[in-house]
Amino acid sequence: MTDLHTSGLHGAGEPGPPAPRGHGHGHGHGHAVSAQADRRYLTGALALIVVFMAAEVVVGVIARSLALISDAGHMLTDAFAIVFALVAMRIAARPPRGGFTYGLKRAEIVSAQLNGITLLLLAAYFVYEGVHRLIAPPQVAGGYMLATGLAGIAVNLAATWLLRRADRSSLNVEGAFQHILNDLYAFIATTAAGAVIMATGWARADAVAALVVAALMLKAGWGLVRDAGRVFMEAAPVGVSPAEIGRRAAALPHVVEVHDLHVWEVTSGYPAMSAHVLVVPGADCHAVRQAVEHLLHDGYGIRHTTLQVDHAPAEPSADDSGAFHCADPHGPAHRSEDPPPPGGSPARRASAARPGAPAPQPAP
């Protein structure tokens, strides 16, 4: 006897008619902040950045300051980052259709990846220019740097405050936030460099500030590229161990084995999982499925699940390798921790655990 079920859990507190037994579908990937509010915060930050960036380019050219021009270049990428984020949010909101069964939710991850790559490229450029200016420093107007840096701190504090109110669990929004935050650090470094140049005349302070900003860009850019890459490669979410999930699911009552277990993220904040679960012959497949779902929901925050639940066969296969239930199994098989009887297999244990079941006979 074989039962096949695909299922999911609705988000907490989400009303709706009961799903047919054994079949349900839900996601629970909503955000604490609405998408419309996110767009308002991003648009407000974009307006602040574009206005100030134009003024900074003019001042940077007049002052001949690499730190100011690097800040302006970074602010340009900030503007692009926010535009990418806004476009990606609208694309990701489109409903699934045709061959895109998840919709276009990974557009946000593409945006985050682009933001990270842009930060890395800018960092490389400013490292090159910063080293060049350390060797042959030009004359820099420290007063312009100091005044522009202070104004930039105020503008970026306002933009950072706006983006902090958006939903940063989205890797897309986090990418835009990291751009703005690094620009705030850049203005702090620029202000300090301007003060040093005014007080001491040491022009290399401008290049040092640019190198500090480049180091911060490298750190933030690598983090974004790494996190977006994990989503593209369908790795398990950070902090979630598939092996641990398999062991805990296999330890549930009436579960014989869990295999073909896959955990991935469709987009940031939207984990999903699929697995094949073998249960004791005669056990209630629906009840076992619900127990696994509750484990995933309560222990790991995974609400979107696809579980195939079958009765383990009473007789083991010839090689007892698990091939009797999957033609091409992937990954390790997680079995019940109960030790098998001598010469037994998971299927034999399942048969023995079933009340009143006849003992399996040895193969001729």
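Quick notes on the rules
Residues numbered from 1 in each chain as written. Predicted model: local features only at pLDDT ≥ 70, side-chain atom pairs only at ≥ 80, totals over all residues. Heavy atoms only, no water. Helix = DSSP H or I, 4+ residues; strand = E, 2+ residues; numbered from the N terminus. Buried < 20%, exposed > 50% of the residue type's maximum accessible area, 1.4 Å probe, protein only. Areas by Shrake-Rupley, 256 points an atom, 1.4 Å probe, with all protein chains shown as cover. Phe/Tyr/Trp six-rings, centres within 6.5 Å; stacked < 30°, edge-to-face > 60°. pLDDT = per-residue confidence, 0-100. Contact = heavy atoms within 4.5 Å. Pairing = 2+ DSSP bridges.

1. Considering the overall build of the chain
- Per the secondary structure count, the chain includes 9 helices and 4 strands.
- Secondary structure elements of the chain, listed N to C terminal, follow the sequence α-α-α-α-α-α-α-β-β-α-β-β-α.
- The buried share among the 364 residues of the chain stands at 49%.
- Entry remark: accessible area of the chain is about 17400 Å², with carbon and sulfur atoms responsible for 64%.

2. Focus: the packing of aromatic side chains
- Applying the stated criterion to the full structure yields 4 aromatic pairs.
- Ring geometry for Phe 80 against Phe 84: centres 6.3 Å apart, planes inclined by 25°, an arrangement best described as stacked. Note that Phe 80 and Phe 84 are positioned in helix α2 (residues 66–92) at a spacing of 4 residues, about one turn of the helix.
- With a relative accessible area of 45%, Phe 80 lands in the partly exposed category.

3. Quick word on the confidence of the model for the chain
- Scored by pLDDT, the chain comes out at a mean of 77, with 77% of its residues at no less than 70.
- Mean pLDDT per element in the chain: helix α9 (residues 346–353) is the minimum at 42, and helix α8 (residues 285–300) is the maximum at 95.
- This model gives residues 1–33 a pLDDT under 50, and the stretch forms 69 contacts once residues within four places in sequence are excluded.

4. Some points on the environment of Val 266
- Within the secondary structure, Val 266 sits in strand β1 (residues 255–267).
- On a C-alpha basis, the gap between Val 266 and His 304 in space is 10.0 Å, while along the polypeptide they are 38 residues apart.
- Sequence-distant contacts of Val 266, that is, excluding residues within four places in its chain, are made with Tyr 102, Lys 105, Arg 106, Val 231 and Ala 272.

5. Some remarks on the pairing of β1
- In terms of burial, β1 is largely enclosed, as 12 of its 13 residues are buried.
- In this sheet, strand β2 (residues 270–279) lies alongside β1 in antiparallel orientation, the contact comprising 9 bridges. Residue pairing for β2: Thr 267 is matched across the bridge by Tyr 270.
- As paired elements, β1 and strand β4 (residues 334–335) share 2 bridges and run antiparallel to each other. From the neighbouring strand, Glu 257 faces β4, where its bridge partner is Arg 335.

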